[in-house]
Amino acid sequence: MASLGVGIVGLPNVGKSTLFNAITKAGALAANYPFATIDKNVGVVTLPDPRLTALQKLFVKGERVPPIVPTHVEFVDIAGLVKGAHKGEGLGNQFLANIREVAAIAHVVRCFEDPNVVHVAGQVNPLDDLETINTELALADLQTLEKRLDKLRKSARTDKDDKALLEVLEPLMQHLSQGQPIRTFKGAEPELLSKAAREMGLLTYKPVIYVCNVAEEDLPDGAQNPHVQKVREAAAQEGADVVVVSAKIEAELAELSEEEAAEYLQTLGLKESGLDRLVHTAYHTLGLQTFFTAGEKEVRAWTIRKGTRAPQAAGEIHSDLERGFIRAEVIEWHKLVEAGGWAQAKEKGWVRTEGKDYVVQDGDVVLILFNV
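No experiment lies behind these values; they were computed from the predicted model shown.

**Overview of the layout of surface pockets**
Here's step 1: Approximately 720 Å³ is the volume attributed to the second largest pocket.
Here's step 2: In terms of lining, the second largest pocket is formed by 23 residues, of which the most central are Pro48, Glu258, Ala261, Ser273 and Asp276.
Here's step 3: Of all the elements in the fold, those that place two or more residues in the lining of the second largest pocket are helix H1 (16–24), strand E2 (41–46), helix H8 (247–254), helix H9 (258–267) and helix H10 (274–285).
Here's step 4: With four residues, the single largest contributor to the lining of the second largest pocket is H9.
Here's step 5: Partitioned by chemical class, the residues of the lining of the second largest pocket number 13 nonpolar, four polar and six charged.

**Remarks on the pairing of strand E9 (residues 299–305)**
Here's step 1: Counting buried positions over the seven residues of E9 gives five, a clear majority of the element.
Here's step 2: Pairing between strand E3 (residues 68–69) and E9: two bridges, direction parallel. By the bridge assignment for E9, Ile68 is matched with Val299.
Here's step 3: With seven bridges joining them, strand E8 (residues 288–294) and E9 adopt antiparallel strand pairing. Counted as the bridge partner of Thr290 is Thr303 from E9.
Here's step 4: Between E8 and the antiparallel strand that follows it, E9, lie four residues.

**Some details on the packing of helix H4 (residues 126–155) against helix H7 (residues 226–237)**
Relative placement of two packed helices is described by the angle separating their axes and the distance separating the axes.
Here's step 1: Axis separation between H4 and H7 bottoms out at 9 Å; the angle between their running directions is 40 degrees. In terms of their interaxial angle, H4 and H7 are classed as oblique. For the pair H4 and H7, the contacting residues are Pro126, Leu127 and Leu130 in the first and His227, Lys230, Val231 and Ala234 in the second.
Here's step 2: Within the contact of H4 with H7, the residues separate by chemical class into five nonpolar, one polar and one charged.

**What about the pattern of salt bridges?**
Here's step 1: Within this structure, the stated rule accounts for 14 salt bridges.
Here's step 2: A salt bridge links Asp320 to Arg323; the shortest N-O distance between them is 2.7 Å. Placement of both Asp320 and Arg323 in helix H12 (residues 319–323) is noted, with a separation of three residues, approximately one turn of the helix.

**A closer look at the packing of aromatic side chains**
Here's step 1: By the definition in use, this model includes one aromatic pair.
Here's step 2: For the ring pair Phe291 and Trp302, a centre distance of 6.5 Å and an interplane angle of 20 degrees mean the geometry is stacked. Remark: Trp302 occurs in strand E9 and Phe291 occurs in strand E8; sequence separation between them is 11 residues.
Here's step 3: The exposure class assigned to Phe291 is buried, which follows from its relative accessible area of 1%.

**Here we look at the state of the cysteines**
Here's step 1: Enumeration over the complete set of coordinates arrives at zero disulfides.
Here's step 2: Free of any disulfide, Cys111 has its nearest cysteine sulfur in Cys212, 4.0 Å distant.
Here's step 3: Using a relative accessible area of 1% as the deciding quantity, one classes Cys111 as buried.

**A look at helix H11 (residues 310–317)**
Here's step 1: Those residues of H11 lying buried are Ala310, Pro311, Ala313 and Ala314. In a view along the axis of H11, the buried residues occupy a sector of 160 degrees, so they form one face of it.
Here's step 2: Tucked inside the fold, the buried residues of H11 contact E8, E9, H12, strand E10 (325–332) and strand E12 (364–370).

**Focus: the nonpolar core**
Here's step 1: Of all hydrophobic cores here, the largest spans 57 residues; its most connected members are Leu19, Ile23, Val73, Phe75, Tyr210, Val211 and Leu278.
Here's step 2: Beyond its immediate stretch of four places on either side in the chain, Val211 contacts Leu19, Ala106, His107, Val108, Val109, Val243, Val245 and Leu278.
Here's step 3: Among the nonpolar cores identified, the runner-up in size contains 21 residues, and Ala138, Val168, Leu172 and Phe185 belong to it.

**Some details on the pairing of E10**
Here's step 1: Both E10 and E12 contribute to a ladder of seven bridges, which runs antiparallel. What sits directly across from Ala328, in E12, is Ile368.

**Details of the side chain of Arg277**
Here's step 1: Its place among the elements puts Arg277 in helix H10.
Here's step 2: Although Arg277 is buried, it forms no salt bridge, and the closest oppositely charged side chain is Glu272 at an N-O distance of 5.3 Å.
Here's step 3: Apart from the residues within four sequence positions on either side, Arg277 is in contact with Pro220, Val243, Val244, Val245 and Glu272.

Reading the values: the criteria
Along each chain, residue indices are assigned from 1 in the same order as the chain's sequence is written. A pLDDT threshold of at least 70 governs which residues receive local features in this predicted model, and a stricter bar of 80 or more applies before side-chain atom pairs are shown or counted, although totals over entire chains, interfaces and linings include all residues. Only hydrogens and water are removed before side-chain values are computed, so all heavy atoms of the structure are retained for them. Cavities and pockets were defined on a 1 Å grid built over protein atoms only: a cavity is a set of grid points that admits a 1.4 Å probe from which the probe cannot escape, a pocket is an open set flanked by protein on both sides within 12 Å along at least five of seven lines, and lining residues are those with an atom within 4 Å of any such point. Grid points are joined across faces, edges and corners, and a volume is the space filled by probe spheres set on the points. Put simply, DSSP marks the helices as runs of H or I at least four residues long and the strands as runs of E at least two long, and each gets a number from the N terminus on. Classes in brief: Ala, Val, Leu, Ile, Met, Phe, Trp, Tyr, Cys and Pro nonpolar; Asp, Glu, Lys and Arg charged; the others, Gly included, polar. Any residue under 20% of the maximum accessible area for its type is buried, any over 50% is exposed, and the rest in between are partly exposed; the area is computed with a 1.4 Å probe on protein chains only. Two strands qualify as a pair provided DSSP detects at least 2 bridges between them. To obtain each axis, a line is fitted to C-alpha atoms, and for helices this fit is confined to the stretch in contact; angles are then taken between N-to-C directions over 0 to 180 degrees. Angular relationships are summarised with four words: roughly parallel below 35 degrees, roughly antiparallel beyond 145, roughly perpendicular across 65 to 115, and oblique for the angles in between. Note on contacts: a residue pair is in contact if any heavy atoms of the two residues lie within 4.5 Å. For this document, the term salt bridge refers to a Lys or Arg side-chain nitrogen within 4 Å of an Asp or Glu carboxyl oxygen. Side-chain rings of Phe, Tyr and Trp, where Trp is taken by its six-membered ring, are said to pair if the distance between their centres is within 6.5 Å; with planes under 30 degrees apart they count as stacked, over 60 as edge-to-face, and otherwise as tilted. Here, two cysteine sulfur atoms that lie within 2.5 Å of each other are counted as a disulfide. Comment: arc refers to directions from the helix axis out to C-beta atoms. Within this scheme, the nonpolar core is defined by two criteria: the residues are buried Ala, Val, Leu, Ile, Met, Phe, Trp, Tyr or Cys, and they are joined through side-chain atoms within 4.5 Å. Positive: Lys, Arg. Negative: Asp, Glu. His and the chain ends are not part of the count.

Shown next, in the form of structure tokens:
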């Protein structure tokens, strides 16, 4: 599976690059003026998963500790957008092209007041900020749909598939014209809509996570911050997730060792960093889950989409395993930990044999039997 690409978007100076730096420690230029991020910056961050450590302990032999290989999430820091991006204003064309390449959008919204950080519109108003970006994405989608509909209206007279697609795209155009993103459209078969949206690169079909960037005193959940409450209300209307972070705090955490960061989080009264919450939320938003392979050589996490069957999950490990799949031995990770290892779990009868139709579950530990 391609790595999970999440595009970090927002108006200039909302804290996108500061957040991105914290995620990747990649040092993207974070400056107090629009378009400080000119090239698309990509960074990969591991998905925190304590289940890996629990499994690792089962396979320690003397001084030999099997390495842990976590799964990962790809974040893309995308140039700040301004009004008129769909017509190429600012860095509009590049912005839209970069968003087309990601699987989900993390929309960073400024929910803090600071006279030293200029706001592109002159004042902090998260709902206006949301509307600016959502409108630009919708206008770009309308342009795409208009071009496609012009061709379809001719070809639909003679082509049955094009006629079926036209019957989906016309009401979709209406929905979009009313200011509604494509992801909230219910007037088509989900599979048909998904296929059409992917083929045309429709931007408002992509799932969105709203990231409220707040001051330290508003952590952990921004409960007393009126800007955050407005974003939550807007997100609820389209069923989107909201994550509250302080990009400034995340940047400070990124400079610390693991132990120091844990202590700092404790002093702030936080169980985990905002970035960890963002990574886990991104995983959930994209309908992804994790299964494990575990033994003395290594303990590894693998990413699959929910609903993936055992042979296709095996194919994530190696194409030969999918091609020659015979069966899988499967146990829930916590049952394996409780048993104390594979041999003990088999003695207890906790290891199941599953065939080609088995749908792999989040947290399964899997041993693939194959023959090529």
